[in-house]
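Coordinate analysis (summary)
Given next are the chains, with one letter for each unit.
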Amino acid sequence: MSSDIAWRSDLLELTPEALTALANAGFVKRAQKDVAAGLLPRLEAGADGVVQAHFDDGVRTSLPPGRTLRDAQCSCPASGMCRHRVMLVLAYQALAASSKADAPAAAEETPADSDGAWNPAQFDDAALATSFAPSVLEQANKLAVARPVVGVQAWRSASAPPAARLPMCSVRFFSRSSLVHARCDCKQGSGCAHVVVAVWAFRQAGALPPDAAEAMVEVRPPASVGADTASGAPQPLMQGDAARVLRAHIDALLLSLWLDGSSQPLMALAARFEAVRERALALDWNWVGDALDELWQLLQAQQARSSRFEPLRLVRVLAELWARLQAAAHAEQPGTRRPALLASQILGVGVKGEVALDHLRLVSLGAELWSDDTAEGASILFADPDTQNVTVLERQWTRAADAAAGGTAQALMNRRVAGFPLRQLASGQIITKTATRRANGLVDITAGARQTGVLPLSPTSWNDLVAPLRQGSVAALVAHLREAPPDFVRPRQAASGASAGASGQLHVVAFDRMEVVSCHWDATAQVLHAALAQAGVGDAGEAGDPAAAPAEEQLRLALPHRAVAPGAVDALARNLAGDYGALRAVAGTVHLQGGVAVMQPLSLLTAQRAVVLQVEAVSPQPLGLQRDVDEVPALNALANDTLALLALWLRQGLRHQGGNALSRAEAQVLQLKRAGLDRGAALLGVVLENLRSAQRPALVAQLAMLGLLMQGVAQSASMEA
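Residues numbered from 1 in each chain as written. Predicted model: local features only at pLDDT ≥ 70, side-chain atom pairs only at ≥ 80, totals over all residues. Heavy atoms only, no water.

**Topic: the overall build of the chain**
Looking only at helices and strands, the chain has 20 helices and 27 strands in total. Within the chain, the proportion of its 721 residues that are buried is 50%. Considering only intrachain contacts with a sequence separation of at least 6, the fraction spanning at least 24 residues in the chain is 68%. Accessible area for the chain stands at about 32000 Å²; split by element, carbon and sulfur atoms hold 52% of it. (Helix = DSSP H or I, 4+ residues; strand = E, 2+ residues; numbered from the N terminus. Buried < 20%, exposed > 50% of the residue type's maximum accessible area, 1.4 Å probe, protein only. Contact = heavy atoms within 4.5 Å. Areas by Shrake-Rupley, 256 points an atom, 1.4 Å probe, with all protein chains shown as cover.)

**A short note on the environment of leucine 688**
Relative to the helices and strands, leucine 688 resides in helix H19 (residues 678-692). On a C-alpha basis, the gap between leucine 688 and alanine 665 in space is 8.0 Å, while along the polypeptide they are 23 residues apart. The residues touching leucine 688, leaving out its near neighbours within four places in the chain, are Trp649, Leu662, Ala665, Glu666 and Val669.

**Here's the deal with the sheet that holds strand E17 (residues 435-438)**
The strand order across the open sheet built from 3 strands is E10-E17-E18, with neighbouring strands paired in antiparallel fashion. Either end of the sheet is taken by a strand with one partner, and the two such strands are strand E10 (354-356) and strand E18 (443-445). Each strand axis lies, on average, 20° off the axis of its neighbour in the sheet, ignoring direction. As defined by bridge partners, E10 adjoins E17 across 3 bridges and the pair is classed as antiparallel. The partner of alanine 356 across the bridge, within E17, is threonine 436. (Pairing = 2+ DSSP bridges. Axes fitted to C-alpha atoms, helices over the stretch in contact; angles between N-to-C directions.)

**Comments concerning the packing of aromatic side chains**
Scanning the model with the defined rule gives 4 aromatic pairs in all. When the ring of tryptophan 118 is compared with that of phenylalanine 123, the centres are 6.2 Å apart and the planes differ by 90°; the resulting orientation is edge-to-face. Aromatic pair phenylalanine 173 and phenylalanine 202: ring centres 5.8 Å apart, planes at 85°, arrangement edge-to-face. In this pair, phenylalanine 173 sits in the loop between strand E7 (170-172) and strand E8 (183-184) while phenylalanine 202 sits in helix H7 (residues 193-205), placing the two residues 29 residues apart along the sequence. Like phenylalanine 173, the residue phenylalanine 202 is buried in the burial classification. Over the aromatic face of tryptophan 370 sits the side chain of arginine 308, whose NZ or CZ is 3.6 Å from the ring centroid. When the ring centre of tyrosine 580 is taken as reference, the NZ or CZ atom of arginine 609 above it lies at 4.7 Å. (Phe/Tyr/Trp six-rings, centres within 6.5 Å; stacked < 30°, edge-to-face > 60°. Lys NZ or Arg CZ within 6 Å of the ring centre and 35° of its normal.)

**A closer look at the nonpolar core**
Nonpolar side chains tend to gather and get buried jointly when the protein is soluble and globular. Core analysis: the largest hydrophobic core is formed by 116 residues, its most contacted members being Phe173, Val195, Trp462 and Leu555. The contacts of leucine 555, once residues within four sequence positions are left out, are Val474, Leu477, Val509, Ala530, Ala531, Leu532, Val586, Ala597 and Met599. Formed by 70 residues, the second largest nonpolar core is a distinct cluster that contains Val288, Ala323, Leu325 and Phe488. (Core = buried A, V, L, I, M, F, W, Y, C linked by side-chain atoms within 4.5 Å.)

**Some thoughts on the side chain of glutamate 13**
Summarising the element assignment, glutamate 13 is placed in the loop between helix H1 (9-12) and helix H2 (16-22). It turns out glutamate 13 is buried and unbridged, and the closest side chain with the opposite charge, arginine 176, is 4.4 Å from it. A polar atom in the side chain of glutamate 13 sits 3.0 Å from the side chain of serine 177. (Lys, Arg positive; Asp, Glu negative; His and termini not counted. Salt bridge = Lys/Arg side-chain N within 4 Å of Asp/Glu carboxyl O. Polar contact = N/O pair within 3.5 Å; in protein donor to acceptor, adjacent residues only side chain to side chain.)

**Overview of the environment of alanine 301**
Position of alanine 301 among the secondary structure elements: in helix H10 (residues 286-303). Exposure remark for alanine 301: the relative accessible area of 1% places this residue in the buried category. For the pair formed by alanine 301 and serine 371, sequence separation is 70 residues and the distance between their alpha carbons is 9.5 Å. Setting aside anything within four residues of it in sequence, one finds alanine 301 in contact with Ser306, Arg308 and Phe309.

**Notes on the pattern of salt bridges**
Counted by the stated rule, this structure contains 25 salt bridges. In this structure, the salt-bridge partner of arginine 492 is aspartate 290, at a minimum N-O distance of 2.7 Å. Note that arginine 492 is positioned in the loop between helix H15 (474-483) and strand E21 (505-510) and aspartate 290 in helix H10, a separation of 202 residues in sequence. On the basis of relative accessibility, which here comes to 7%, the residue arginine 492 falls in the buried class. A salt bridge links arginine 490 to aspartate 487, with the shortest nitrogen-to-oxygen separation between them at 2.5 Å.

**Brief notes about the pairing of strand E5 (residues 149-153)**
With respect to burial, E5 is a largely interior element, 5 of its 5 residues being buried. A two-sided burial pattern is seen for E5, the buried positions comprising Val149, Gly151 and Gln153 on one face and Val150 and Val152 on the other. Relative to strand E9 (residues 215-218), E5 is paired through 4 bridges, and the arrangement is antiparallel. Within the sheet, the bridge partner assigned to glycine 151 lies in E9 and is methionine 216. Where E5 and strand E6 (residues 163-165) come together, 3 bridges link them in antiparallel fashion. Paired with glycine 151 across the two strands is arginine 165, which belongs to E6.

**Topic: helix H11 (residues 311-331)**
With 21 residues, H11 extends 30 Å from end C-alpha to end C-alpha; this agrees with the ideal 30 Å at 1.5 Å per step. Summarising burial for H11: 15 of the 21 residues are buried, a large majority. (Expected span 1.5 Å × (residues − 1).)

**Here we look at the confidence of the model for the chain**
Averaged over every residue, the pLDDT of the chain is 87; the share at 70 or more is 89%. Overall, residues 105-113 carries pLDDT values under 50, and its contacts beyond four positions in sequence, including any with other chains, amount to 7 contacts. For the stretch residues 228-233, pLDDT sits under 50, and the model shows 7 contacts to residues farther than four places along the chain or on other chains. (pLDDT = per-residue confidence, 0-100.)

**Describing unusual backbone geometry**
Residue alanine 467 is joined to proline 468 through a cis peptide bond whose omega torsion reads 5°. Positive phi values are uncommon outside glycine, yet glutamine 388 reaches one of about 65°. On the secondary structure map, glutamine 388 appears in the loop between strand E12 (375-383) and strand E13 (390-398). For arginine 513, which is not glycine, the phi dihedral falls at a positive 55°. Judged by its relative accessible area of 43%, arginine 513 falls in the partly exposed class.

Quick look at the structure:
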C-alpha cells in the first residue's frame, strides 16, 4: 500500500475490545498472535476506500466503506464471522502505525488523535440518513413515540466507549467517525433502529463530561423535541381516570391482604389479581404488573409450602407496590423541577415484550434451587461480560409430569435445559445464538443444533466484569449500596428476587489477598456465617492482620441450609478452609445490615476452580460452632423485630389478631419511642388506632411507610433520634 494513502478512520478506531464485541474473543486473540509474529496478509486499498487482504492460503477478504465486519466479503468456507475479517482490521492498523512511524512528515494526513472524549450526539441527521435505510428510521420514530427511557453513559476511555441502555437492549459506539460499527446486542447486531434511538438519546441528554454518571433520558421523536405545544409535551401518566381506578383497585387488594392475611384461600383472590394485572398492563405499567406477578407467586409459594417463600420478601413487595405508585405520582407533580427519575421509568412504560439477541456469551454467577410438594425448579444467574447486564434463566418441572411419563422423579441437577444438564449450565459459560431477553432480565435459550455451546467456569471467568457489577473492595461495595436508589423506583430485575430467602442486589466482590476472618455454624438458625477481609500490607511489605479490619471493611457471608441444596453449606465451608486454594472472588445477593455488607453467596472462584454452591454434591465438612455472637446494634435489631411483626400480621391478617398480638404491638410502640424512633412509633401507633376504628383504608399507606422506614433503619449504620 502506498504511504500517502487516505487512511480509513473507522478501521483505525476499532480497539481490541471493539473487535471482540463485533466478532469474538477467539478470533481477536488468534489475530493478535499472528500480528505479533509478523504473519500479516498483503493489503490493498482502492481509491473507493475498499480494503482487501490477500492471505498466503489464498483467502481473500474485502471490506468496503460503510460496512461492518459482518458485511465484509471473505472467500473462506466460514458461513459467518471469521478470523480473516478481524485480521484485515488488525493488519490495517499495524500498517498504519508502521507508515506513520516511517514517515513522520505525513502524520498530519492520518486521522486526528482518537484517544479523547467524544459523544455520539455529533452524528447529525445527514449521518443517520446515510447510515440507515428509510425503513429503519421510520421504525426508530415508532419506538420513540412510546417515549422510552434510555440510560446514556458518556465516553470514559478507549476501552469504555459511549453506551446507551435501552429498555430491551444495549448499544455501544465503537467508532467516532462511522455509525456502522455501533454494536447492539439485539439479533440484528448493527444497523438497527435501536442505534438510531440511542443517538437521539445522546442528543437530548446534552453535554456529558467523561466522568459523568449514567444519565436517564425520556427519548422523544426529533420532530417533537423543543415543541412548545401541548401535543409535544409528555402526557401525565397518573392523572387519568384509568390510572385513578387502577390505584384504587391496588389499594383495595393490598388492604384485603393485610386484613385477611396471605394465608387466606387463593381462590378468593385469583379473579381480583387477574383484573388488576390486566388494568396495569393496559396502561403499560409493566413494573407494576411485574410486582403483582411476584406477589401472586409468593402467595402461591406460601400455600405450597415452597422453599421459594420468604415472609419478609412478601412485606417488601407490598410496600414496593404502594411506594412505586406514590413515587410516580410525585414525579409528575406540577411546578416542581425535573425529577431524577421519570414517572414512565418508575412505572416501566415501554418495556413490554422480549428481544432476540445476537451472538451472546453468558457467565454463570450461581444458581438458586427450589422445591415444593408438586414442583421443583431453578434460577441460574448470568452476567453478560460485553454489556455487564445480569440475566436470569428460570425453569420449573412438575412432579406430576414425571409420574405421567411412567418414571420416577429425576434428580434436579439432571434436568435438561436447551439440551444441557442443569448442573452444566449452572457451572458454565454459555455461548449461544438462540437467546431472547425481557426487560426485567429474564432470558430464555432454546435448543438448537450448533447454536449453543457450554464451557466450564474457570478461575478467570469473571475477569471481564467491571463496576458496578463487580466491586474491588468492600468499602466501594458499601458506598455503591448506600448511593443506590430505593427498590421501589428502580427497574424491576429478576436477579433481585431470584435468591430465595435473600433480598438485595447481585454483585461480585473480588480483591487481592481475600482472607477469611471468621467462620462458624449457627446450629440454632441453621446458618453458616463467615467474614472476609482484604489483608493489608505494611510499610515493610509484610501482610497485615485481616481480623483487625473494621466491620465496615469486612464482607459478611450468611448461607442458610436448605434441603433442596444439601451440599451448599459444606461446599462453602470447604472453600473457606482453603481446600481449593486461595479465594479470589465471591458472587451473591448483597444488602446492608447495620451499615455492614451482608451477602448470601451463590458461587466462588478460587485459585483452582469455580464453585457453584447449590449444585455441589454432598460432602460433609466439620463446622465450627458459633462462639462469639456478633450482636446486631440495638436500633437495627429493633427495626428487624418490627419487620418480623409486620410479616406475622400479614400472614395471619390484622382482623384475626388476638389480644396478645395487640399487646405485643403496643409494647413495640414503647420500645420504638425509647429508642428515639419517633416516626416509626407514631406510624405503628396510628395503625393500631385505625385498626380499632373505621379508618381502615388508610392502613395500606401507613403499613407501607412503616415497612419502608424499618427497612432503612435495619440497613443504616446509625440513626439519629
